[in-house]
Amino acid sequence: VKNGKSEGLFHFRTRKQGTYSFILSNHKWMQWKKVTFTIGLGNDTTLQPHHVGSVEEDMGSIEKALKDIQTESTYLWIR
């Protein structure tokens, strides 16, 4: 939410099949933020586990990338 609101409820209807992304930012990176997602597929269908990717797997990939960046930065600093 660009206007800095602490809470929001968003609903949108997609017209095309495909992959959609939710992008969040925390401009006060020294403070933690809590985010909750609830995802549904209209009123006639039930969201199945295969519809949504694993957040744990995605976070693991991000953590690995950050560790790689930290390692490379440390190496370059030592040189």
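Use the structure listed above.
All values reported here derive from a predicted model rather than from experimental measurement.

The rules behind each value
Residues numbered from 1 in each chain as written. Predicted model: local features only at pLDDT ≥ 70, side-chain atom pairs only at ≥ 80, totals over all residues. Heavy atoms only, no water. Helix = DSSP H or I, 4+ residues; strand = E, 2+ residues; numbered from the N terminus. Buried < 20%, exposed > 50% of the residue type's maximum accessible area, 1.4 Å probe, protein only. Areas by Shrake-Rupley, 256 points an atom, 1.4 Å probe, with all protein chains shown as cover. Salt bridge = Lys/Arg side-chain N within 4 Å of Asp/Glu carboxyl O. Patch = residues over 30% accessible without salt bridge, like charges linked within 9 Å, V, L, I, M, F, W, Y side chains within 5 Å. Expected span 1.5 Å × (residues − 1).

Participant: Requested: an account of the overall build of the chain, with residues and values cited.
Facilitator: Counting its secondary structure elements, the chain contains 1 helix and 0 strands. Put simply, the chain has 79 residues, and 0% of those count as buried. Carbon and sulfur atoms make up 55% of the accessible area of the chain, which amounts to about 9,000 Å² in all.

Participant: Describe the pattern of salt bridges, listing the residues and the values that go with them.
Facilitator: Taken as a whole, this structure holds 2 salt bridges when the rule is applied. K67 is paired through a salt bridge with E63; the nearest N and O atoms lie 3.6 Å apart. With K67 and E63 both in helix α1 (residues 55-78) and 4 residues apart, this pair spans about one turn of that helix. Looking at K67, the relative accessible area reads 47%, which means it is partly exposed. D68 is paired through a salt bridge with K64; the nearest N and O atoms lie 2.9 Å apart. Taken together, the residues D68 and K64, both in helix α1 and 4 residues apart, mark about one turn of the helix. Using a relative accessible area of 40% as the deciding quantity, one classes D68 as partly exposed. For K64, a relative accessible area of 52% puts it in the exposed group.

Participant: Describe a nonpolar patch on the surface, with residues and values.
Facilitator: A grouping of F12, Y20, F22, L24, V35, F37 and I39 is seen on the molecular surface, where their side chains present a nonpolar patch of about 710 Å² in accessible area. Within the element layout of this structure, Y20 appears in the segment before α1. Given the relative accessible area of 43%, Y20 is considered partly exposed.

Participant: Talk me through α1; I want residue IDs and the actual numbers.
Facilitator: Helix length check: α1, at 24 residues, gives a terminal C-alpha distance of 35 Å against a target of 34 Å (1.5 Å per residue), a fit within 8%. Little of α1 is tucked away: 0 of the 24 residues are buried.

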